[in-house]
Amino acid sequence: MRILVIDDNQDLNFRVTRGLRSIGFAVDGAFDLAEADFKLAVNTYDCLVLDRDLPDGDGAALIGGQGGGARPPALVLTARNAVADRVEGFAAGADDCLGKPFAMAELVARVRALCRRVGEIRPSVLHLGDLALDLSRRRVTRRGALLALSAKEFAVLELLALRAEHVVTRSELIERCWDEQAEPESNVVDAVMARLRRRLGPPPVIESVRGVGFRLTPVGGVTGG
């Protein structure tokens, strides 16, 4: 999942960005409307986390389909905690509102909930042959044994699992699982994929499709949610 954090307070922006990256999200930052609008035009995001009080205007211009068609779900951060202010945020198109100061654990939980709303309804646990991915608790088991995956490894496996038996291109992996700090020309994807294959163990379930990308083919096939 890829998130865009928009807040002109650099300390808060960096803190939220670090917190979301630490649990496996790909996160970009923006400090005003113009920068956020540019990044929305060139990247695909699953969720926005934003302050409405930006130096060049109201962050509401980025949400609720205003000024440029459909936008991803948005969590608005507000220092104004009165009920009327939160109601105004929802009226402007916010999907959720969170008052400042806030606990990072609560922000993470709310972002995850918004990301789950994107696209098709999906089960909280994916059963793929002898693999099971618990998306809410971020846990993976194979043949009942719990696997120790890093946040990035889980993010890559989650995308492959959601597209099980279909090819996921390298560019899509970078777009969805890495942020603007990634180096697309490096071997970052291959390095994570090699570690993930070792964690999953035999028999192999991740196939390289030469010149295109990767495909997860579960042992026993996809068995449903």
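Residues numbered from 1 in each chain as written. Predicted model: local features only at pLDDT ≥ 70, side-chain atom pairs only at ≥ 80, totals over all residues. Heavy atoms only, no water.

Looking along the chain, the bond that leaves Lys100 and enters Pro101 is cis, with omega of -5 degrees. Along the chain, the position of Pro101 falls in the loop between strand S7 (96–99) and helix H4 (104–116). The linkage connecting Pro202 with the following residue, Pro203, adopts the cis geometry, with an omega of -10 degrees. Tracing the backbone shows Pro203 in the loop between helix H7 (188–200) and strand S13 (206–209). One non-glycine residue, Arg143, lies in the positive phi region at around 50 degrees. Note that Arg143 resides in the loop between strand S10 (139–142) and strand S11 (145–147). (Helix = DSSP H or I, 4+ residues; strand = E, 2+ residues; numbered from the N terminus.)

Our focus in this paragraph is the packing of aromatic side chains. Evaluation of the coordinates by the stated rule reveals one aromatic pair. Where Phe14 meets Phe31, the ring centres are 5.9 Å apart and the plane angle is 85 degrees; that geometry is what we call edge-to-face. Residue Phe14 is located in helix H1 (residues 10–21), and its partner Phe31 is located in the loop between strand S2 (26–30) and helix H2 (33–42); the two are separated by 17 residues in the primary sequence. Taking relative accessible area as the criterion, Phe31 reaches 23% and is therefore assigned partly exposed. (Phe/Tyr/Trp six-rings, centres within 6.5 Å; stacked < 30°, edge-to-face > 60°. Buried < 20%, exposed > 50% of the residue type's maximum accessible area, 1.4 Å probe, protein only.)

Before going further, it helps to spend a moment on the sheet that holds strand S9 (residues 131–134). Sheet strands line up and pair through hydrogen bonds in the backbone, either parallel or antiparallel. Read from one edge of the open sheet, four strands run S8-S9-S10-S11, paired in antiparallel fashion. Among the strands making up the open sheet, the edge pair consists of strand S8 (125–128) and S11. Strand-to-strand twist of the sheet, defined as the mean angle between neighbouring strand axes without regard to direction, takes the value 25 degrees. The pairing of S9 with S10 spans four bridges and is antiparallel. In the strand pairing of S10, Leu131 is matched with Arg142. Where helix H5 (residues 151–162) meets the sheet, it contacts S8, S9 and S10, and its direction lies at approximately 115 degrees from that of S9. (Pairing = 2+ DSSP bridges. Axes fitted to C-alpha atoms, helices over the stretch in contact; angles between N-to-C directions. Contact = heavy atoms within 4.5 Å.)

This next bit is on the confidence of the model for the protein chain. Per-residue confidence for the protein chain gives a mean pLDDT of 85; residues scoring 70 or more make up 88%. Here helix H3 (residues 83–91) stands out as the element of the protein chain with the lowest mean pLDDT, 75, in contrast to S11, whose mean of 95 is the highest. (pLDDT = per-residue confidence, 0-100.)

Bringing H2 into the picture now. Along H2, the positions that sit buried rather than exposed are Leu33, Ala36, Lys39 and Leu40. The buried residues of H2 occupy an angular sector of 135 degrees when projected down its axis, which confines them to one face. When the buried face of H2 is taken as reference, the exposed residues oriented beyond 90 degrees from it are Ala34, Phe38 and Ala41. Where H2 is buried, its residues meet strand S1 (2–6), S2, strand S3 (47–51), strand S4 (53–54) and strand S5 (57–58). Where H2 starts, the residue carrying a side-chain oxygen 3.3 Å from the main-chain nitrogen of Ala34 turns out to be Asp32. (Arc of directions from axis to C-beta. Polar contact = N/O pair within 3.5 Å; in protein donor to acceptor, adjacent residues only side chain to side chain.)

Let us look at the side chain of Asn13. Its location among the elements puts Asn13 in helix H1. In this structure Asn13 touches Val5, Ile6, Asp7, Gly29, Ala30 and Phe31, once residues within four positions along its chain are discounted.

Residues Val156, Leu173, Met193 and Ile206 are the most contacted members of the largest nonpolar core, which totals 29 residues. Elements that contribute at least two residues to this core include exactly S8, S9, H5, helix H6 (170–177), H7 and strand S14 (213–216). In terms of residue count, the dominant contributor to this core is H5 (seven residues). Residues contacting Ile206, with those up to four places away along its chain left out, are Leu160, Met193, Leu196, Arg197, Leu200, Phe214, Arg215 and Leu216. With 19 residues, the next largest nonpolar core counts Phe25, Leu98, Leu107 and Val111 among its residues. (Core = buried A, V, L, I, M, F, W, Y, C linked by side-chain atoms within 4.5 Å.)

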